[in-house]
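Observations on the three-dimensional arrangement
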Amino acid sequence: MVEKFMPDVYQKSIYYINYDKLYKKGIRLLLFDLDNTITPSHVHKPTKRLVRLFDELKDKGFKIIIFSNSTKHRIEPFKSELAVDACAFSLKPKKDKYIKIMNRFKYKHTEVAAIADQLITDIYGANKLDITSVLVNPLSDKDLTITWINRLFEKFIYNRLAKKEVFIRGKYFE
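Residues numbered from 1 in each chain as written. Predicted model: local features only at pLDDT ≥ 70, side-chain atom pairs only at ≥ 80, totals over all residues. Heavy atoms only, no water.

**Brief notes about the overall build of the protein**
In terms of regular secondary structure, the protein is built from six helices and six strands. Dimensions of the protein along its principal axes, counting C-alpha atoms only, are 40 × 35 × 30 Å. The buried share of the protein, reckoned over its 174 residues, is 47%. Looking at the protein as shown, the accessible area adds up to about 9,400 Å², and 54% of this sits on carbon and sulfur atoms. Taken as two groups, the 33 positive and 21 negative side-chain charges of the protein have centres that lie 2 Å from each other. (Helix = DSSP H or I, 4+ residues; strand = E, 2+ residues; numbered from the N terminus. Buried < 20%, exposed > 50% of the residue type's maximum accessible area, 1.4 Å probe, protein only. Areas by Shrake-Rupley, 256 points an atom, 1.4 Å probe, with all protein chains shown as cover. Lys, Arg positive; Asp, Glu negative; His and termini not counted. Charge placed at Lys NZ, Arg CZ, Asp CG, Glu CD.)

**Points about the pattern of salt bridges**
Summed over the entire model, instances satisfying the criterion amount to 11 salt bridges. Note that glutamate 174 is salt-bridged to lysine 21, the shortest N-O span being 3.4 Å. In this pair, glutamate 174 sits in the segment after α6 (145-163) while lysine 21 sits in helix α1 (residues 19-24), placing the two residues 153 residues apart along the sequence. The class of glutamate 174 is partly exposed, set by a relative accessible area of 45%. The partner of aspartate 117 in a salt bridge is arginine 151, with the nearest N and O atoms 2.4 Å apart. Placement of the pair is aspartate 117 in the loop between β5 (112-116) and α5 (119-128) and arginine 151 in helix α6, with a sequence separation of 34 residues. Exposure class is identical for aspartate 117 and arginine 151. Each is buried. Three or more residues joined by partner-sharing salt bridges are found here, namely Asp33, Lys92 and Asp122. (Salt bridge = Lys/Arg side-chain N within 4 Å of Asp/Glu carboxyl O.)

Rendered as structure tokens:
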């Protein structure tokens, strides 16, 4: 049961992901979670480092979408300053918005990678559609209340995955 929470890729942060390898695999659309994936949940605008990374990814040929359960108001400064598309209230792990995005922009599930910090919403949601799932460590210990609750369940899942010797936090893989 816990295998459905297993990411395809696990890296320290978005800055350690081998994007060239994803591109060679056929990935063209990157769905980035917002809070604690590309920015801590208490930060309200992108850093210069994040802007540079997104510019480099777009230059490589990736389509980037901020794909978040957050509000439109929360996402807007990032969408604007990073010059990317965004999907607020994505209701992860439900499949609907993933499918809507893939249909709207004409991508197959094999061309999409979801990059995020949570197993229960992000990784599970991507895995349900056989989208490449990329887990990164959260950028901050500060979380919204609902996320904090999810983190309690995540501890159980991490422990189960470790017992099965298929996933160990801090042991990164591509």
